[in-house]
Structures are given as C-alpha cells and as structure tokens.
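Chains, contacts and geometry: an overview
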Amino acid sequence: MSIGGETLLLDKQVYIYSLDTANFYNEFETKIHNKLNKSYIYKKTLNKIINSKDIDKEKKDKIQTRLIWNNKRIKRLKDDLYKEFEKNSETRKLKKRSLVDRNVISLFDSVLTRTIGVKQSELTTDIIVVQTYFFQVLEQLIQDGFTLDNEKYICFTASAGQIRTKKTMFIKESVWKKHEKSLTCGLTVDDINAKGGMNTNKYLAYLALCNSATDEWIDFNIDRAIVVDDLETDVFGEVDYIDDKTFDVTRRSMSVPIPHTDGCGMILPKVSSKSFMVRLPFIKGLLSPFDFYDFAKEHSAYIIKDIYGKEWDLRKDEIDVIFTRSQFKMASFYSSWQDYREKFIKYKCQAAKCNVEEGDIPDAKLNYQMLQTLSDMTNEELYRVCEPTLTELENIATDKSTMFKVLGITKSNKNKSYIQKSIEAYPPLLNDYYSKEILKSKKRSMVNDARSAKLKINGKYTFIIPDLYAFCERIFLNIENPQGLLNNGEVYCSLYPEHEELDCLRSPHLYREHAVRKNVIDSIKKKWFITKGLYTSVHDLISRELQFDCDGDKSLVCADETIIKVAKRNMENAVPLYYQMATAQKGKITSEEIYKGLQAAYKGNIGIISNQISKIWNSKAINIQAIKWLTAYNNYVIDYAKTLYLPIIPSEKRKIINSYTRNKVPHFFTYAKKKKKSEVEPLNSSVVNKLERMIPNKRIQFKKIGGEFDYKFLLKNKKIQVDNKIIEKYIELDRSKKWRLKKSDEKTKSKSVLYVYNKIRNELLEINEDPYYITDVLTRYLYEKESSRKETLWQCFGDILYENLTKNLKGKKSCVSCGTIIKVANNRVKYCRKCSNEKQKEWQRTSMKKSRKTKNM
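Parameters and conventions
Just so you know, the residues in each chain are numbered from 1, in the order the chain's sequence is written. Confidence filtering applies because this is a predicted model: local features only for residues at pLDDT of at least 70, side-chain atom pairs given and counted only at 80 or more, and all residues used for totals across whole chains, interfaces and linings. No hydrogens and no water enter the side-chain calculation; it runs on all heavy atoms of the structure. Lines fitted to C-alpha atoms define the axes, with helix axes restricted to the stretch in contact, and inter-axis angles between N-to-C directions lie between 0 and 180 degrees. By the criteria applied, helices consist of DSSP H or I runs no shorter than four residues and strands consist of E runs no shorter than two, each listed in order from the N terminus. Our angle categories are set so that under 35 degrees counts as roughly parallel, over 145 as roughly antiparallel, 65 to 115 as roughly perpendicular, and the remainder as oblique. In this scheme the crossing of two helices becomes right-handed for a clockwise turn of the near helix relative to the far one and left-handed for an anticlockwise turn of less than a right angle. Here the nonpolar group is Ala, Val, Leu, Ile, Met, Phe, Trp, Tyr, Cys and Pro; Asp, Glu, Lys and Arg are the charged ones; every other residue, Gly included, is treated as polar. The working definition used for a salt bridge is a side-chain nitrogen of Lys or Arg within 4 Å of a carboxyl oxygen of Asp or Glu. When DSSP finds at least two bridges between two strands, those strands are taken to pair. The contact definition used throughout considers only heavy atoms, calling two residues in contact when any of these lie within 4.5 Å. Only protein chains enter the calculation, and the probe is 1.4 Å; a residue is then buried if its accessible area is under 20% of its type maximum, exposed if over 50%, and partly exposed in between. Any pair of nitrogen or oxygen atoms within 3.5 Å is treated as a polar contact; in protein, a donor-acceptor pairing is required on top of that, and neighbouring residues in sequence qualify only through side-chain atoms on both sides.

**Here we look at the packing of helix α1 (residues 27-50) against helix α2 (residues 57-87)**
Across the interface, α1 lies against α2 with an axial gap of 9 Å and an inter-helix angle of 160°. With respect to each other, α1 and α2 are oriented roughly antiparallel. Here α1 runs over α2; the crossing is left-handed. Here the residues of the contact of α1 with α2 sort into 15 nonpolar, 5 polar and 10 charged.

Take a look at the structure:
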C-alpha cells in the first residue's frame, strides 16, 4: 500500500525500458541461459529441503549428493555460456519480446528528455537502460552497440546511481547525432581527445548530468554569468593521519588543504532568495543567494577575474551568477568563458534547476549509522531520544494531527498525492476501511524503522554552504587568507536561532563524525547569510570531519539536547581522519576505455565495507582503529573507478578486521535491511540493538476521527449504477498488476509502478471513455462493500476523486474539532456550532483564570 511517499502524478513522467544483458543473447546463449536458470531454481529447492528441521540423515545425504551434482552442472553451463559469448562476432540485437510492461521504468523530466523531445507520459525507445550480469556481453554492447528495429544504439552514459546497480544507459545513434552538441555545449569526444583526453568515468558522470530530474531554468541568461576560481586555503588542525601503505594511524597537528567552495557558487538574492542545485552542460553544483554586488559596493571593488584571466565589471556586465571552477567540470576544454557562452547560445543548450530550498523544512529522522557511533549512550538517554517516536506511535490511531503527519499531510509536502489532498479536505475519510489499512501498514513500517534507529528528532536536513563572505574577500579583495564571518568551531544556521550548540551530521556516517559546533547568530551574519542553510567556517576542518562537498550536500542539523550531550562525550578524543587520495588518470576516450572504466566502477561495493564497519560498532569490544582503517579504505574504493588505485590493508591489520567481519551483520539489520533471523547476530546490548525492546509493537486500536464518512462526496453522479463490465475488468487488472511489475529490484519496481497504473487507467477507459463514469462506478462498488482494495482506484483515478470531492464540498468544510461537515459562508469559519460554543466557554474560563491571577498579584 502506498500513500504520499511517492506522488504518482502521471503527467510528470516519461517511460523507458530497463533491461539486462540476457535480453541481448543469441539463440544458443538463450538455450544455455534457460538451462542455467532451471539449475539455480533446483539449487534453491534442494537447499530449502536440506535446511529443513524434519529431514533425516539418509535423505540429507541423498540431497547433498544431488546438490554437488547440480553445482557442477551450473559451473559447466556457465563455462559453456562464456564460450558462446566469445564466439559471438555479430552486433547484438535486442529481442522485441523483451519490450514488455514489467521492463518499463519511469524517469522524471530532465534536460535529456526535454532536449530529445520525449513527451510527458510517453513511452520512448530513444534511450534504454541495460543492467550488467555478464561483462562479456556489456563489452560487446559498448564496443559495437546493438540494434532494435533497424536502429543502432550506442553507449551514452552511466550516472553514479546507475553505476551502483551496474546499469548503463544507451541511446539511439540517430538521436545522439541530432542532439549531441545541445547536450555537450558543442564539445565532442574528438575535441576532448585532441586536447589529451580525460578520465572516462569522469566524462560519463559529467555527461549524465543532463539525465538529472530537473525543471528548466527558463529565465537564465548565460550572458549575466561568469566563472571564477574557488576559495581554497590551508587549515591548521589536529587530524588522525592514515598512511595508505601501512594504514598506521598517527595523531598529527598539520595544515590541511581545504577547497571551501568545492561545488558552490553564488547568485544575487534579487534573482533567487533560495539556494538550489544547478545543471548546465558540464556545469553542476549549488547556487546560494549572496549579495556579492552589495559586498563589492561596500568595498568599492567591482572588478573580478574569471578563470581564464579576463576581467569583468559587475556593474557594466550586469553579473547575476558567479560559478566556480569546481562547478565547471570541462573548463580546460574551452578556450574561454566567452567560447562556452557562444556555444551555449548557438546550440540552444538548457539551464536547469532542482532541489530548490524548501520553505518549510520538515523534521528529520536519525539513522542507525549516526546512532551506533554514540556507543556509550545510557538506557535513560536512549529513551529520551526515543520519546517523540514513541508518542507518535501511541497516537497514530487516535489523534488526527498525528495521522496527518504520518500520512505526509503536512505544510512542507508541496507534492501531495490525490488521496492526501482528499483526506486533508475531508478528514472523515480517515474512518474508511482503506485509510485504516494504510495507517496499519504505516505503523508496521514505523515500528521497523524505529527499531533500526530511524527516530524522530529535533533536527532538519539543510544545504551545507561555505562562508561566502570569505569567498568574496578572496575574489574581490584578493585576500589570500580571508577572515570571513565565522571563526573556527562556529556555524550559522537560522533554523535554530535559540540553540547555542548544534550537532552537524552527514551520511554516510562511518567513523565518529558528530561535528558539535557553536551556532552564532547576530545581525551582521543575518544580513549576509539569508538562507536556511548550514554556513561553515573557512578556519574549520568540518568538511574533512563530515567528508562533504558544497555541491548540494546536506547536513542533518540536530538540536536534540540529549544527542548533543552524548556526542560531545563521545567526540572528546576524536579528530578528523586524513589520508592522501590518488588522482584520476586521464587518457583518450574510446569505447574500449569506457568499458574498462565501467568494469572497474561496477566492481566497487561500498555497501559491504559499510556493513563491516557496523559489525565492529555493534560488537562486544569496539575496535576504533579498525573502523578508521575501513573508513579510509571505503573512500579509496569509491574513488577506484576514477583512479584505479586501491591500497592493500596489511595482513596483520586485515586479520584484526576479519575477526569482526566474519560475524553476521548486527541483529537490528532484520529491521534496517530486512534480513532473516538466520542472517543476523543474536541480540546484544549495543545501542541500536536496544531499540528492539524499547520500541513496542502494540496492536492498533482506532478511535473515530471527526464526523461520519460518506463516500458519496467522492461521486460526480450520486445515482450511478454498478456496471459489471467495468467491475470485472478492474478486478482482473488489480489482481494482475503485481505480475506486470519487476520482482527482482524493489527500486526498479517502484519506478515501474507509475507506468503500470497509467496502463490500467487506459485499459479501463477502453471500455468507457468517460473517466468520471468509470470512477463513479468503481467508487460505489468498492466503498459500498468496504473493500480495502482501493489502491488501484486512487492511483489511477485519484485526480477525478479529488475533483469530485472539492466540488461536492463547495460551500462546506469539515469542523476543525469534530470533523462534522458544515456549511460556511467564508473560510474564517473553523468550527460547527456545537464546537464553537464549547470553544467560547473554554476561552471564557481561561480568561477568568487569568483575570483572577492578575488581581491576586
């Protein structure tokens, strides 16, 4: 059941096919593949029998013999398949029968989809995603492309998210040739190779920027933007230096080079008063509002140099946006900023924005990585941290405001689904059987989340922004080591003006990374720092401590007094980790090098290392040194795809690590990662494991909310009769929908949901083209029989239901107190007559009490 989490707005998506390498097999490979699949199924069946409790020794021995034989067969078949791969010399063809509903996923609108002209809600074959199971096939697809309907497809890109799931995006060669220069601002692979080339994985990552979910930045003017050098200084402080050869950890006081503006630029507040992430061809990062014009005016310094050495006058050139070199990923391949600007206009390139700073930032939740590092937290302290979550669980079935929060019906949710909007407009809808089932499902999920440390806290996620005043001191006044407005150990965050200290956190959180800082609020900083972001000091090693860039990274800014107290205690002897990273090697971009780069990237698995660190944090004897080694190693693995450098942890240190990591994952992974009991360690007293007993799973008892629910408010025609033809088709489609969704990948499944519901809607409209008629028929049928199977109705026709509801409620509204529907002349009326009288009496009683108190004083 779903509500809220993902807003299924059917007109905001495009659809593409997501396939795997098996969809490109030839006839002989397919035969072997089918036999291999049967052998794997047989292996699973045998393992299930052999692990059953009732099996006797004789039968177990027989099954074991069969298992050995089957494993040999699997190996032989895999060898045969590899041989067939090597034999293939033809360009691979995509099987037409692979283009089925369950292989469709949704993509949000992006520069890519807008540029190549994919219409919203359209299923396109212009781009296709391929997941890798066999590298030999991927290599052939990258080297030679593949064909579908006499169209050739070529390797396009792979984003960071796709790399984690071994996915590569391909594009029609004809489409690429037509739109290449619009997507690359005129920069071709030949141009790049002519200037010495670059790292292929970096190139693919930069190319993938056009596939980010974005809105077009319609009024962007490239002529009012420039690019300047970043602010980087050496910051002196204490670090734990980790040698990449010996992995020895040495406490040192040293200068550390910090690129403060890494990924961050500025925009004048008159253009945007909110921070947002920006995308242009080969330009990405965060733009934060800062009045650099006012700064220049105060210091009579209007001249600024770009990265190519050209001087610009803020007044004459009317500069609104200042990008930084770190944001301009391909700066070295353009002769000047003017060269980029001219090509941007010539090839009709797009600017785009995403993740615009929210007006109402919702409260955040802790996660197990952040909690497990507070390893000495007492039961009493943990209970205090759990209290808001426990209260919410207690009130989920009885308190309307809690129900609204749980269902995502909040001010901060600007993209409410149709059922959320409907419940908000008509609270008695909460009394419906389907709504109760949703709440039950949410409650189960909340208990699991809470037991895996997703706890409600006094904290919010917000953009991390450097001290932009210091940045202006560098670029306008040429001060080598600017002072800025924040000292070491200080931050500025207007979300918490009354809190002197904040715990600044960021994911992933592997080592002890609780950056407790003093929140300094004063009139000068308020003038310059106008967003809700977390502003950090250029004299602080906080970016090393939290391992952040400023290209859109967010910090969980926590004002919970208990967490801050415990964090300070645990951070007494902790300093940032520091280790030298390798640099990415550059070379000519060729299909062969692209394959090598992707192969290296696909082999990296940082999830395994993260889990190994969790095993140590949740063990009986925590080894901090081992955690430091693994944290450094994790970051080398992340960079391996670009650098191809991966240090080897010395055997004596690996032996220490293995003494922990050979164990199963922590017990709470049954909740955090849906692991089976047999896959986790027994329950121990680590801080996160304690949550299982602290978070109860009580049976939910609903209290009636508001007035009587009347489903007729959802109808357009209240006299509608049941149409059996529509009902029968609905039941058939509702039951079959799970088979139309991908089963293997939950993330891919969620992406294909949009398409499947859109298809169901269209199939129902084939019976009767009037969506209002179909909605009324289904609503009467499902609500009169109090069915819980209404998800398909709401996902397919939620827009119609909400439209009917708002029309039927015109001139009426729900009493804020009891939920009874009342007629209203204006929006100022909140209560029915009965509740209004009660509120009036309550107000009078309160006034009398205040009056008595005043007389007695």
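Moving on from the model shown.
**Structural notes on the pattern of salt bridges**
Considering all chains together, one arrives at 48 salt bridges under this definition. Glu381 is paired through a salt bridge with Lys565; the nearest N and O atoms lie 3.9 Å apart. Of this pair, Glu381 sits in helix α13 (residues 379-395) while Lys565 is found in helix α20 (residues 561-570), placing the two residues 184 residues apart along the sequence. Residues Glu381 and Arg569 are paired through a salt bridge, measuring 3.0 Å at the closest nitrogen-oxygen approach. Taken as a pair, Glu381 in helix α13 and Arg569 in helix α20 lie far apart in primary sequence, 188 residues in all.

**Here's the deal with the sheet that holds strand β7 (residues 167-172)**
Strands in a sheet are paired, the pairing made by backbone hydrogen bonds, and the direction either parallel or antiparallel. Reading across from one edge, β2-β5-β6-β7-β4-β1-β3 is the order of the 7 strands in this open sheet, with mixed pairing throughout. Either end of the sheet is taken by a strand with one partner, and the two such strands are β2 (92-93) and β3 (104-108). Where strand β5 (residues 146-148) meets strand β6 (residues 151-157), 3 bridges bridge the pair, whose relative direction is antiparallel. Opposite Phe146, over in β6, you have Tyr153 as the bridge partner. In this fold helix α6 (residues 173-184) packs onto β4 (123-131), β6 and β7, with an angle of close to 80° to the strand it touches most, β7.

**Regarding the side chain of Asn635**
Here Asn635 shows up in helix α23 (residues 624-643). Given the relative accessible area of 16%, Asn635 is considered buried. Of note is the side chain of Asn635, whose polar atom sits 3.2 Å from the backbone oxygen of Thr631. Dropping the residues within four chain positions of it, Asn635 is found in contact with Gln547, Tyr579 and Met581.

**Concerning the sheet that holds strand β24 (residues 554-558)**
Reading around the barrel, the 6 strands line up as β19-β23-β20-β22-β21-β24 and close back on themselves, with mixed pairing between neighbours. Within the sheet, the average angular offset between the axes of one strand and its neighbour, ignoring direction, is 45°. Across 2 bridges, strand β20 (residues 490-492) lies against strand β22 (residues 515-519) in parallel orientation. Across the sheet, Val491 pairs through a bridge with Asn519, a residue of β22. Against the sheet, α20 touches β21 (501-505), β22 and β24, its axis set at about 75° to β21.

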